[in-house]
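Coordinate inspection notes
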Amino acid sequence: MGTMTHIAGRAAFSKAVDIVLKNADKDREKEITKLVDLMEKYMGSEKIDVDYNKVKELICDKDKTLNKYINRLLDEINPHVLKTTALNLGYEAFFHGTKTIRKMREVHDCNVPWLILMDPTSACNLHCTGCWAAEYGNKLNLTFDEMDSVITQGKELGIYLYMFTGGEPLVRKEDIIKLCKKHSDCAFLAYTNGTLVDEKLCEQMVEVGNFYLAISLEGFEAVNDLRRGNGVYGKVMHAMELLKQYGLIFGTSICYTSKNIETVTSDEFVDLMVEKGCRYAFYFHYMPVGNDAAVELLPTMQQRIYMKDRVRQIRNMKDGKGIFTMDFQNDGEYVGGCIAGGRNYFHINANGDAEPCVFIHYSGANIRTHSLLEILKQPLFMAYRDRQPFNENHLRPCPMLENPEILQQMVKETGAKSTDLQSPEDVTHLCGKCEEYARKWKPCAERLWAEEKHKKHSYENYKKK
């Protein structure tokens, strides 16, 4: 019965999307609000942080950013890609996935994530300064069958969104496209340096319709190429032009540091991204991971406060820039704090080790020896679950950066081992680099949190209280 309802729901949603695309030249706002109504009806009593009426209001107001953003999608994105995205990312991952995952958390009494991040390879065609992938060496790979097995097991738990990092995941683009074809009901995204994007890949991405990219950039040409190598910026701009020309969905991934924070949030930089066709920008706070990490790249307290406000200003769907931005360090209040340890996601490195977070290189389980459920129930992941949120102040979400004593306790208590094969880092050493930052940020975060309107102390359904 459950499957029939699932299939019937997808069919109804598919039909509604067809109508929107068919009437794209007529009253598109009216048709899209019907989709929102369908979503509201489907989600029923599920508690999700969406004000449906507000969304519909913004969609219908031609002066608002959301209206313009949606119209650009309809005008510029390939219709097959749009429809597949609505079905896989919308219906499967957001609607059906959210419902299923919440049930599974109760059934299995452990964290069940909304997405899984995997490294198909640790190999990369670039050698960038400060990249965590460089820490693993460059000879490791997950086989097609291993990734396929993770996805097959994941779907049983309601997980329909899979992301790839590395290394450079597009070194394995043929296998990734094969996974997109086999799991045509899922959505896939790769964090990439963008240099391996070519016409053939764009054609394959149009054909599957369920594969998106987040292209790394650190600033304009001089700064970007200083870290990534000469000519990389030019290749990235070319990749974006190709992706836009083919009507594909992509965005950018930006690691912000004390050196580049103002540049990568400037009007000039954001406007360029929008013009190139980026639909989203994922901002990552620099993390001092690895024995040789440069602590001076950690943002100052003033820079972090600026970043919190600036990211919200850019993504504002009333009068923002027309690009959806996320900053995982400063957006904790919207997701109930830290999302790692399987709560909303976890990371599988190219050696198969299941790590709670892409920045936390400790593990007690491997996909070659453990099932997905065994991984989610391993001691380190259960310690995450038992202690989340790590701080009631969601501007201090991380057990390493803002609460460094907590990660040390969890790693030591659970016996998790370093997964860094080249230069294992002791957890005391890792967290020691964060202590001064955490101490300085605490009073700033407390002041900001006291002023914060959008308070959500924890999301329902993550664990039984």
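Reference entry: report on the structure contained in this document. (Residues numbered from 1 in each chain as written. Predicted model: local features only at pLDDT ≥ 70, side-chain atom pairs only at ≥ 80, totals over all residues. Heavy atoms only, no water.)

If you tally the helices and strands in the protein, you get 18 helices and 11 strands. Relative to its length of 465 residues, the protein is compact, with a C-alpha radius of gyration of 21 Å against a globular reference of 23 Å. If you line up the protein on its principal axes, its C-alpha atoms span 60 × 55 × 50 Å. Here the contacts in the protein between residues at least 6 apart in sequence split such that 74% fall between residues at least 24 apart. Accessible area of the protein: about 19,300 Å², with a carbon and sulfur share of 55%. Taking the average place of the 61 positive charges on the side chains of the protein and the average place of its 65 negative ones, the gap between the two points comes to 4 Å. (Helix = DSSP H or I, 4+ residues; strand = E, 2+ residues; numbered from the N terminus. Rg over C-alpha atoms; globule rule 2.2 N^0.38 Å. Contact = heavy atoms within 4.5 Å. Areas by Shrake-Rupley, 256 points an atom, 1.4 Å probe, with all protein chains shown as cover. Lys, Arg positive; Asp, Glu negative; His and termini not counted. Charge placed at Lys NZ, Arg CZ, Asp CG, Glu CD.)

Per the stated rule, a full pass over the model turns up 16 aromatic pairs. Note on Tyr191 and Phe284: the rings are 5.9 Å apart at their centroids and 75° apart in plane angle, and the pair reads as edge-to-face. On the criterion of sequence distance, the pair formed by Tyr191 in strand E3 (residues 187-192) and Phe284 in strand E6 (residues 280-285) is long-range, its members being 93 residues apart. For Tyr191, a relative accessible area of 13% gives the class buried. Overall, the relative accessible area of 17% leaves Phe284 in the buried class. Ring-pair connections join several aromatic residues into one group, and the members of that group are Tyr191, Tyr280, Phe282, Phe284 and Phe328. It is Lys99 that lies over the ring of Tyr42; its NZ or CZ is 4.2 Å from the centre. Stacked on the ring of Phe144, the Lys or Arg Lys178 has its end atom at 4.3 Å from the ring centre. (Phe/Tyr/Trp six-rings, centres within 6.5 Å; stacked < 30°, edge-to-face > 60°. Buried < 20%, exposed > 50% of the residue type's maximum accessible area, 1.4 Å probe, protein only. Lys NZ or Arg CZ within 6 Å of the ring centre and 35° of its normal.)

By secondary structure assignment, the location of Lys139 is in the loop between strand E1 (115-118) and helix H6 (144-156). When its relative accessible area of 69% is taken as the criterion, Lys139 is described as exposed. In this structure the C-alpha to C-alpha distance between Lys139 and Met301, which are 162 residues apart in sequence, comes to 38 Å.

Moving on to unusual backbone geometry. In the segment running from Gly166 into Gly167, the intervening peptide bond is cis, with an omega of 25°. Along the chain, the position of Gly167 falls in the loop between strand E2 (161-164) and helix H7 (173-182). Omega for the bond connecting Gln388 with Pro389 falls within 30 degrees of zero, at -10°, which places this linkage in the cis form. Unlike most non-glycine residues, Asp109 shows phi in positive territory, near 55°. Examined against the element boundaries, Asp109 turns out to sit in the loop between helix H5 (79-108) and E1. Residue Asp109 is classed as partly exposed on the basis of its relative accessible area, which comes to 39%.

Here we take up empty space enclosed by the protein. Inspection of every chain in the model, using the stated rule, returns 3 cavities of 30 Å³ or more. If you add up the space inside the largest cavity, you get close to 60 Å³. Grouping the amino acids of the lining of the largest cavity by side-chain chemistry returns 4 nonpolar, 3 polar and 2 charged. (1 Å grid on protein atoms, 1.4 Å probe; cavity = no way out; pocket = protein on both sides within 12 Å on 5 of 7 lines; lining within 4 Å. Points joined across faces, edges and corners; volume = space filled by probe spheres on them. Nonpolar A, V, L, I, M, F, W, Y, C, P; charged D, E, K, R; others polar.)

Enumeration over the complete set of coordinates arrives at 30 salt bridges. Between Glu146 and Arg368 there is a salt bridge; the shortest N-O distance is 2.8 Å. Of the two residues, Glu146 sits in helix H6 while Arg368 sits in the loop between strand E10 (362-363) and helix H14 (372-376), which places them 222 residues apart along the sequence. The exposure class of Glu146 is buried, given its relative accessible area of 19%. Owing to a relative accessible area of 40%, Arg368 belongs among the partly exposed residues under this scheme. Members of the salt-bridge network, linked through shared partners, are Asp267, Asp271, Arg310 and Lys321. (Salt bridge = Lys/Arg side-chain N within 4 Å of Asp/Glu carboxyl O.)

Looking now at the nonpolar core. Among the nonpolar cores identified, the biggest contains 148 residues, and Met118, Phe211, Leu213, Tyr283 and Leu407 are the most heavily contacted of them. With 8 residues, helix H10 (residues 232-245) is the single largest residue contributor to this core. Not counting residues up to four positions away in its chain, the partners in contact with Met118 are Leu142, Met147, Val150, Ile151, Tyr162, Met163, Phe164, Thr165 and Ile348. (Core = buried A, V, L, I, M, F, W, Y, C linked by side-chain atoms within 4.5 Å.)

This part takes up the environment of Ser14. Within the secondary structure layout, Ser14 lies in helix H1 (residues 2-22). Placed 73 residues apart in sequence, Ser14 and Leu87 show a C-alpha to C-alpha distance of 6.6 Å.

Tracing the backbone through its elements, the reader meets Ser253 in strand E5 (residues 250-256). Look at Ser253 and you get buried, because its relative accessible area is 8%. The contact partners of Ser253, leaving out residues within four places of it in the chain, are Tyr191, Ala214, Ile215, Ser216, Leu217, Phe282 and Phe284.

On to the packing of helix H15 (residues 379-387) against helix H16 (residues 404-414), then. Contact geometry for H15 and H16: axes closest at 9 Å, N-to-C directions at 140°. Relative to H16, the element H15 is oriented oblique. Here H15 and H16 pass one another in a crossing that is right-handed. The segment H15 lies against H16, with Pro379, Leu380, Ala383, Tyr384 and Arg387 engaging Ile406, Leu407, Gln409, Met410, Val411 and Thr414. Looking at the contact of H15 with H16, its residues break down into 8 nonpolar, 2 polar and 1 charged. (Axes fitted to C-alpha atoms, helices over the stretch in contact; angles between N-to-C directions. Parallel < 35°, antiparallel > 145°, perpendicular 65-115°, else oblique. Left-handed = near helix turned anticlockwise from the far one by under 90°.)

Right, let's get into H15. Buried residues of H15: Leu380, Phe381, Ala383, Tyr384 and Arg385, and no others. On its buried side, H15 packs onto H5, strand E8 (345-348), strand E9 (354-355), E10, H14 and H16.

Further remarks concern the sheet that holds E3. Backbone hydrogen bonds hold the strands of a sheet together, and the pairing may be parallel or antiparallel. One open sheet holds the 9 strands; their spatial order is E7-E6-E5-E4-E3-E2-E1-E8-E9, and the pairing between them is mixed. The sheet is open, and its two borders are formed by strand E7 (324-327) and E9, each paired with just one other strand. Strand direction decides the pairing type here: E1 and E8, joined by 4 bridges, are parallel. By the bridge assignment for E8, Ile116 is matched with Phe346. Contacts from H10 reach strand E4 (211-216) and E5 within the one sheet, and its direction differs from that of E4 by about 155°. (Pairing = 2+ DSSP bridges.)

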